[in-house]
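Coordinate analysis (summary)
Residue-level listing of the chains:
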Amino acid sequence: MTSRMVCFRNLVQSLRTGSRVSKLKSSNCYTSRTAPSVQPVVEPSPCSYKVCAASDDDYANMDWDNLGFNPRPTDYMYITKCFGGGSFEEGYLSRYGNIQLSPSSGVLNYGQGLYEGTKAYWREDGRLCLFRPDQNAIRMQVGAERMCMPSPSIHQFIEAVKLTALANKRWVPPPGKGSLYIRPLLMGSGHVLGLGPAPECTFLIYATPVGNYFKEGLAPLNLFIEEEYHRATRGGTGGVKAITNYSPVLKALGRAKRRGFSDVLYLDSVNKRNIEEVSSCNIFIAKDNVISTPATNGTLLEGVTRKSIIDIALDHGYQVKERCIPVEELMEADEVFCTGTAAGVAGVGSITYQGKRVEYKSSDGCLSQELLSIYVGIQKGHIVDKKGWILEID
């Protein structure tokens, strides 16, 4: 174990000094303020990806019991670029810090950008793991095609996520305390004035330790159904993780939170009667042990957690339907819960619609708790991973 830890420390030391000078051409529209324009490219030695369980001395100095879901500067971020619609260059790690963008970059002027979210976490047996990062890579490719950007290959995406997690290993919370939230970004970083795709794109990954997404922690959520504003429309980008999907919900979300609600549930923009999605997570209902969730018809995101929960439910004998769900049917459900990478599986205690508040089952023994237990059990290794969802970083 000692030799493996030395290997990792050697990797970190090599990142600080630079194993060799980058052959990548620098670009004045996207450079790190904390590093020279010519960046070091990391070429790990054969033992560089070795990882062993962290001792107390290896963790960052933090209050792991009160993480919440807030950004905290860590040690490193991953960067690579693509020019003229070709392939992404070999990426490198840079010290975490602010970045520079041209005022005429595509992401600043026209919102040409995507993001993903996945997590790295420690198991009790000392293994550092990721959960289905290939699905995030595939979803980014789908989103990139929609947003007219090149995307990294699935292999490059996964390797970049692994490298980012490993370089920030000391920020991964102890088992049971949280996880290292990893945020891949794909953006049009090149100069553009007339409306069109940016000639240069940047793929960047940063990471931060997090606890529960909702301030309620594990307590049931209280949702408000929004009728004035809509999250997405048919033919838009609601089905991909475009950055432009999220800032438009802030007004409705802020208004709901000021009234004491946890989050907002949106209706379809055409009929204004079918439920679609919560601000940052998918929604499920259960009635008479039949599970239903809105179908992914281009206006809502096909979440990785959503997909996993559907598979788990089917494997355990539940009937699952992906379909249109009228709001009236939601108000008569036995149980409601949300899913997402950040949120996990979160039970809903109440929903308010047109001044009427309906409460749902949210105690131990509920369906959502059963599904959450299986989901977390697979991640922690307490339940055999028969589907190959867990990726160990070794």
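The rules behind the values
- Residues numbered from 1 in each chain as written.
- Predicted model: local features only at pLDDT ≥ 70, side-chain atom pairs only at ≥ 80, totals over all residues.
- Heavy atoms only, no water.
- Helix = DSSP H or I, 4+ residues; strand = E, 2+ residues; numbered from the N terminus.
- Contact = heavy atoms within 4.5 Å.
- Areas by Shrake-Rupley, 256 points an atom, 1.4 Å probe, with all protein chains shown as cover.
- Buried < 20%, exposed > 50% of the residue type's maximum accessible area, 1.4 Å probe, protein only.
- Salt bridge = Lys/Arg side-chain N within 4 Å of Asp/Glu carboxyl O.
- Core = buried A, V, L, I, M, F, W, Y, C linked by side-chain atoms within 4.5 Å.
- Pairing = 2+ DSSP bridges.
- Phe/Tyr/Trp six-rings, centres within 6.5 Å; stacked < 30°, edge-to-face > 60°.
- pLDDT = per-residue confidence, 0-100.
- Patch = residues over 30% accessible without salt bridge, like charges linked within 9 Å, V, L, I, M, F, W, Y side chains within 5 Å.
- Arc of directions from axis to C-beta.

Within the protein, the secondary structure is distributed over eight helices and 17 strands. Contacts spanning at least 24 positions in sequence make up 71% of the contacts within the protein whose residues lie at least 6 apart. Carbon and sulfur atoms provide 49% of the accessible area of the protein, an area that totals close to 17700 Å².

Moving on, we get to the side chain of Gln-135. Tracing the backbone through its elements, the reader meets Gln-135 in helix α3 (residues 133-146). Taking relative accessible area as the criterion, Gln-135 reaches 14% and is therefore assigned buried. Non-local contacts of Gln-135, meaning those with residues more than four positions away in its chain, are made with Val-304 and Lys-307.

So, about the pattern of salt bridges. The full count for this structure, using the stated rule, is 17 salt bridges. With a shortest N-O distance of 3.6 Å, Asp-334 and Lys-287 are connected by a salt bridge. Taken together, the residues Asp-334 in the loop between α7 (327-330) and β14 (335-340) and Lys-287 in strand β11 (residues 282-287) connect sequence positions 47 residues apart. For Asp-334, a relative accessible area of 24% gives the class partly exposed. When its relative accessible area of 38% is taken as the criterion, Lys-287 is described as partly exposed. Among the salt bridges present, the one from Glu-302 reaches Lys-307, with a minimum N-O distance of 4.0 Å.

It is worth spelling out the nonpolar core at this point. One recurring pattern in soluble globular proteins: nonpolar side chains tend to sit buried together. Ranked by size, the top nonpolar core spans 39 residues in total, and within it Leu-114, Ile-182, Leu-186 and Phe-203 carry the most contacts. Elements represented by at least two residues in this core include exactly β1 (76-83), β4 (118-122), β5 (128-131), α3, α4 (154-167), β6 (179-188) and β7 (200-210). Among the elements that line this core, the one with the most residues is α4, at seven residues. With residues near it in sequence (within four places) discarded, Leu-114 still touches Met-140, Gly-143, Ala-144, Met-147, Met-149, Pro-184, Leu-185, Leu-186, Val-240, Lys-241, Ala-242 and Ile-243. Among the nonpolar cores identified, the runner-up in size contains 25 residues, and Cys-281, Ile-325, Met-331 and Ala-343 belong to it.

Where strand β15 (residues 344-353) lies against strand β16 (residues 356-359), four bridges are found, and the strand directions are antiparallel. Within the sheet, the bridge partner assigned to Ile-351 lies in β16 and is Val-358. Between the antiparallel neighbours β15 and β16 lie two residues, among them Gln-354 with a positive phi of about 50°.

Turning our eyes to something else, we now look at the packing of aromatic side chains. Enumeration over the complete set of coordinates arrives at 13 aromatic pairs. Relative to Tyr-181, the ring of Phe-69 has its centre 5.3 Å away and its plane inclined at 70°; by these criteria the two rings are edge-to-face. In this pair, Phe-69 sits in the loop between α1 (2-17) and β1 while Tyr-181 sits in strand β6, placing the two residues 112 residues apart along the sequence. A relative accessible area of 24% places Phe-69 in the partly exposed class. Note on Phe-284 and Phe-337: the rings are 5.0 Å apart at their centroids and 5° apart in plane angle, and the pair reads as stacked.

Per-residue confidence for the protein gives a mean pLDDT of 87; residues scoring 70 or more make up 85%. Note that pLDDT drops below 50 for residues 1-53; the model gives that stretch 109 contacts with residues more than four away or on any other chain.

We now examine a nonpolar patch on the surface. Taken together, Ile-138, Val-142 and Ile-154 make up a surface patch of nonpolar side chains, about 220 Å² in accessible area. In this fold, Val-142 is placed in helix α3.

Within the element layout of this structure, Thr-341 appears in the loop between β14 and β15. Relative accessible area serves as the criterion here: at 21%, Thr-341 is assigned to the partly exposed category. Between the C-alpha atoms of Thr-341 and Gly-117, which are 224 residues apart in sequence, the distance is 6.6 Å. Ignoring sequence-local partners within four residues, the contact set of Thr-341 consists of Gly-117, Thr-118, Lys-119, Tyr-181 and Thr-305.

Every buried residue of helix α5 (residues 250-258) is accounted for by Ala-252, Leu-253 and Ala-256. Within α5, the buried residues cover an arc of 100° as seen down the axis, which keeps them to one side. When the buried face of α5 is taken as reference, the exposed residues oriented beyond 90 degrees from it are Leu-250, Lys-251 and Arg-258. Looking at the buried residues of α5, the elements they touch are β8 (221-226) and β9 (263-267).

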